Amino acid sequence: MSKHLTKRAEDYSKWYNELVVKADLAENSAVRGCMVIKPYGYAIWENMQAELDRMFKETGHENAYFPLFVPKSLFEAEEKNAEGFAKECAVVTHYRLQNDPDNEGKLRVDPEAKLEEELIVRPTSEAIIWSTYKKWIQSHRDLPLLINQWANVVRWEMRTRLFLRTAEFLWQEGHTAHATKAEAVFESKQMQDVYANFAENFMAMPVVKGAKSESERFAGAEATYTIEALMQDGKALQAGTSHFLGQNFAKAFDVKYTSKEGKQEYVWATSWGVSTRLIGGLIMTHSDDAGLVLPPKLAPIQVVIVPIYKGEEQLDAISERVNVFVKELRGKGVSVKFDTRDTMRPGAKFAEYELKGVPVRVAIGNRDLENGTVEVARRDTFEKQTINQIDLVEHVTKLLEEIQENLFTKALNYRDSHITEVNSFEEFKEVIENKGGFVSAHWDGTIETEDKIKELTKATIRCIANDAKKEDGICVFTGKPSIERVLFAKAY
């Protein structure tokens, strides 16, 4: 199967698109710009969702659900937010269909069923949520309000790519309200840390934590904190964002609380989210020309066991032994599949699980039963070992930890070797065009310079890294004074 994949070096974009489909993760739907997430792809999302949900709840957040539709008047209440998303909005104008009198068997929109007020299909939920918070928040005793929702959103994208950019996608969005600015800033930075922890410790995807420049901020935010990852083609991926919203939404929706001193105060807000785009990031961080490579902590199947046999009698004998392994591994929290399908030869099964990125493959045949051995193969390095059956469970559990660590280390080495300091615009262009990755450069802090650099190179400021050293320098483009380096890159 993997032999039919385009090589990354030949056409990285084509390789990615083919891999998503051939590994059975997702496919384009009948609705333009939308995707069908298939069971194997959705299982990865469920694993991501489970870990993130646990992390959110450990930091005091609760889940709720808000409507898909946002009345236009609510949506436009916070002007910057409305303006920022206006071009991406899907709008509902009518509430009924009727038989088309001019085309038998067809339907048309009933012209008499126009809504009094248009409904926006949510591109993000700040408007509907903050109109609700006005009813929920009265006193300092109601704060902080820490809410998350798992939902779908619609952003009418013209150029789409499975998982990375689709008209509809799945995500979570946190929306919190606080009594003080300091609490809200702490919350937004805390959620940036949660996302970075998840990306590095579960996705095995190293990230840079930082703040967005003014022009790259979320519409309606006073500050946007981001985690930026680097894909194997040298392009950056914004993997998660957390926004300090100040009092903008509180003022737009008149959300006030009575303080301990009895004063009426506007609350302080944050919002934060990650989406199914993370699956795209997972694919592009680790996968190779043979197919998917999945970190064990998020793999739907961590271990697959393939029997090699002739006839039912041999299969029964192998199954009796394997069922013991399966029970022991599952007892240690390992997800195992014992593939007894008789419609595929073992070699075809090996190819399928290689393509699907299953971290560990175990093969066992009649001779292995006699010798008390099994063959264990790891997906990340393709190494194979023959080991004693009595060591299998311990060996596999350690191997899964090794693979997780190895994937992170490999990705980290790639990322670190693709952060390049430059001191002139000629160097800047050379690195962006030929090496790729993050370019660390001085910038004069103006939107005009940022826009001009983007126009000339297609590179944008990915972030001002949290750990960036303050150092005097001169902007690579204008020669004006600069106080720190920022990270530029081409990005998805």
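Above this note sits the structure.
Source: prediction; values computed, not measured.

**Student:** Would you explain the pairing of strand β13 (residues 236–246) in this entry?
**Tutor:** If a strand is regular, its side chains alternate between the two faces of the sheet. Most of β13 is tucked away, with ten of its eleven residues classed as buried. Taking the residues that link successive antiparallel strands as the turn, the strand β12 (residues 223–230)-β13 hairpin has five residues, and the phi of G234 there is positive, at about 85°. Two elements, β13 and strand β16 (residues 268–275), share five bridges in a ladder whose sense is antiparallel. In the sheet register, T241 faces β16, and the bridge partner there is G273.

**Student:** Would you take a moment to explain the side chain of T397 for this structure?
**Tutor:** Along the polypeptide, T397 turns up in helix α12 (residues 392–416). Polar contacts involving the side chain of T397 include one to the main-chain carbonyl oxygen of V393, which spans 3.1 Å. A polar contact is formed between the side chain of T397 and the backbone oxygen of E394, at a distance of 2.9 Å. Among residues more than four places away in sequence, those in contact with T397 are L329, K332 and V334.

**Student:** Is there a simple way to think about the packing of aromatic side chains in this case?
**Tutor:** Aromatic rings in a pair are described by how distant their centres are and how their planes are angled relative to each other. Tallied over the entire structure, the rule returns 16 aromatic pairs. When the ring of Y12 is compared with that of W15, the centres are 5.0 Å apart and the planes differ by 40°; the resulting orientation is tilted. On the criterion of helical spacing, the pair formed by Y12 and W15 is a turn pair, its members being three residues apart in helix α1 (residues 12–22). W15 carries the same exposure label as Y12, and that label is buried. Three or more aromatic residues joined by ring pairs make a cluster, and in this case those are W45, F56, W150, Y195 and W272. The ring of F202 carries K297 above its face, with NZ or CZ at 5.0 Å from the centroid. Its guanidinium or amino end placed over the ring of F350, R361 lies 3.9 Å from that ring's centre, counting from NZ or CZ.

**Student:** Just to check I follow, could you spell out the sheet that holds strand β21 (residues 384–388) for this structure?
**Tutor:** Read across the open sheet, the five strands follow the order β18-β17-β19-β20-β21; overall the sheet is mixed. One side of each edge strand has no neighbouring strand; the edge strands of this open sheet are β18 (336–338) and β21. Adjacent strand axes in the sheet meet at a mean angle of 25° when their direction is disregarded. One ladder, built from three bridges, connects strand β17 (residues 303–308) with β18; its direction is parallel. In the strand pairing of β18, V304 is matched with K337. In the packing of α12 onto the sheet, contacts are made with β17, β19 (360–365), β20 (373–378) and β21, and the angle to β20 comes to roughly 10°.

**Student:** Looking at this structure, I do not really get the nonpolar core. What am I missing?
**Tutor:** By size, the foremost hydrophobic cluster in this structure holds 56 residues, and its most contacted members are L25, M48, F163, F198, M203 and I283. Counting residues per element, this core draws most heavily on helix α2 (residues 39–58), at seven residues. Sequence-distant contacts of L25, that is, excluding residues within four places in its chain, are made with V20, V36, I37, K38, Y40, G41, I44, F163, I283 and L292. Core analysis: the next-biggest nonpolar cluster, separate from the first, contains 28 residues, Y133, L145, I147 and A221 among them.

Scoring rules and cut-offs
- Residues numbered from 1 in each chain as written.
- Predicted model: local features only at pLDDT ≥ 70, side-chain atom pairs only at ≥ 80, totals over all residues.
- Heavy atoms only, no water.
- Buried < 20%, exposed > 50% of the residue type's maximum accessible area, 1.4 Å probe, protein only.
- Helix = DSSP H or I, 4+ residues; strand = E, 2+ residues; numbered from the N terminus.
- Pairing = 2+ DSSP bridges.
- Polar contact = N/O pair within 3.5 Å; in protein donor to acceptor, adjacent residues only side chain to side chain.
- Contact = heavy atoms within 4.5 Å.
- Phe/Tyr/Trp six-rings, centres within 6.5 Å; stacked < 30°, edge-to-face > 60°.
- Lys NZ or Arg CZ within 6 Å of the ring centre and 35° of its normal.
- Axes fitted to C-alpha atoms, helices over the stretch in contact; angles between N-to-C directions.
- Core = buried A, V, L, I, M, F, W, Y, C linked by side-chain atoms within 4.5 Å.

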